[in-house]
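Spelled out from the first residue to the last, the chains are:
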Amino acid sequence: MSSTFTPAVAHPAAPPTRPAPARTARIESIDLLRGIVMIIMALDHVRDYFNRSAYLFDPTDLQHASPWLFLTRWITHFCAPVFMLLSGMSAWLYGRKHGSSAASFFLLTRGIWLIVAELVIVTLGWTFNIHYGIFILQVIWAFGISMIVLSGMIKARRGLQLAIALLLIFGHDLLDGIHVGGTGFPAILWSFLHVQQGFSLGPVNFFVGYPILPWIGIITLGYWLGNLYHPDRDPAKRRRLLGRIGWIAIALFVVIRALDGYGDPAHWSVQRNVVYTVLSFINVSKYPPSLLYILMTIGPALLFLSVAEKPLNAATRPLAVVGRVPMFYYLIHIYFLHALAVAAAALSGFPPDAMVNLNNWVTANPQLKGYGFGLGVVYTVWIGTVIVLYPLCRWFDRYKRGHAAQQKWLSYL
């Protein structure tokens, strides 16, 4: 019986292999929710420019507002906190893909860019005043500052990140009783942190619309939650945990609001009927966002994320497109709506310049007394705006995905 023998052959050493890149996949449920809140956001801005009540009273004033007007404003409360939470999650995903150092640098530089964009591009869009009679520090400013702060916390322990987030979210209402008078640096700093206020410093006027302390808490919480999307985690467990946290947030909102002792400077009360009593119960404070405001908005958002991890379909795919290009959508919708409002004022017999060169703290102008339309027109303009802007968003989304690797600036939009 014969046998064969194969001598050992010396093979050249294999070249060293680089570590496999982190497994990443775009989380479509995050894009979907971001797109939904961006579209809802436009409704609030359409109401600001086109509804007749915008120039008469606050839409959450239960003495004057109808339930439908109240809810038209109330539903938009979800936009800023949900977007801030998702920004934190997206920052974690960016760090997972590129590394913590790259993520920290990106957050720092994007935060600076957002502040500049707020001062130069967004303020001009709101006012149409090329002389910049006032700088408006609103939501984009808050995002910018929050990202800069988060850039310095990325390498902190997760437990510390969660502690900071919860401290700011649950504790910032304790600061409501602190007031700093005057227009000096202490007053300005305190306004940046916790008080909505306007200032005039010589020729420079600015309005702090979004004090930043609670927003920093929300983005940090989002970053902490981003770890739930680690590719090694069980998706079913992630969904269950998101759902539990969401229900806990909603339950806390109901209990704390019912006790009415802490969590919001605006107290609720029994109104003339059950509907208005419910509206009073959910009528919470946004500037700055109170604990109850945050619980009321973040809870449902987490519930949505817990059930939305499904393939996109014909109905949800366009929403996710908007969610992938939020800054682009935000910028063009401001200019589009303001230009449309100028035309609407002119066609209604009001001086077009009443909608231009706005210098006052709010959009309203005394020359526009009597201007405006009902909610039917508001909703029609809103839907029409989304339809008109969607092709631009789809084009930019395709361009961005096709050129992002070569043109890094696209990641800042």
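Check the entry above for the structure.
All of these numbers come straight from a predicted model, not from anything done at the bench. (Residues numbered from 1 in each chain as written. Predicted model: local features only at pLDDT ≥ 70, side-chain atom pairs only at ≥ 80, totals over all residues. Heavy atoms only, no water.)

Re the packing of helix α6 (residues 158–171) against helix α8 (residues 213–226)
Relative to each other, α6 and α8 sit at 145°, their axes nearing to 8 Å. Crossing hand, α6 versus α8: left-handed. Every residue of α8 that contacts α6 at Arg158, Gln161, Leu162, Ala165, Leu168 and Ile169 is listed here: Leu213, Ile216, Gly217, Ile218, Thr220, Leu221, Tyr223 and Trp224. Split into classes, the residues belonging to the contact of α6 with α8 amount to 10 nonpolar, 3 polar and 1 charged. (Axes fitted to C-alpha atoms, helices over the stretch in contact; angles between N-to-C directions. Helix = DSSP H or I, 4+ residues; strand = E, 2+ residues; numbered from the N terminus. Left-handed = near helix turned anticlockwise from the far one by under 90°. Contact = heavy atoms within 4.5 Å. Nonpolar A, V, L, I, M, F, W, Y, C, P; charged D, E, K, R; others polar.)

A word on the sheet that holds strand β2 (residues 197–201)
The pairing of strands in a sheet comes from backbone hydrogen bonds and takes either a parallel or an antiparallel form. Pairing is mixed across the open sheet formed by 3 strands, whose spatial order is β1-β3-β2. Two strands bound the open sheet, and with one partner strand each, they are β1 (135–137) and β2. Neighbouring strand axes in the sheet, compared pairwise and without regard to direction, differ in orientation by 15° on average. Two strands pair when backbone bridges link them, and β2 and strand β3 (residues 204–208) are joined in this way by 5 bridges, in the antiparallel orientation. Residue pairing in the sheet places Gly198 in a bridge with Phe207 of β3. With respect to the sheet, helix α7 (residues 185–193) is in contact with β1, β2 and β3, its orientation differing from that of β2 by roughly 145°. (Pairing = 2+ DSSP bridges.)

A few points about the side chain of Asp44
For Asp44, the position within the fold is in helix α1 (residues 28–50). Exposure remark for Asp44: the relative accessible area of 9% places this residue in the buried category. (Buried < 20%, exposed > 50% of the residue type's maximum accessible area, 1.4 Å probe, protein only.)

Let's talk about the nonpolar core
With 122 residues, the main nonpolar core has Phe50, Met89, Leu305, Tyr329, Tyr330, Met355 and Tyr371 as its most contacted residues. Tallying contributions element by element places α1 first for this core, with 12 residues. (Core = buried A, V, L, I, M, F, W, Y, C linked by side-chain atoms within 4.5 Å.)

These results come straight from atomic positions and should not be treated as a statement about function.
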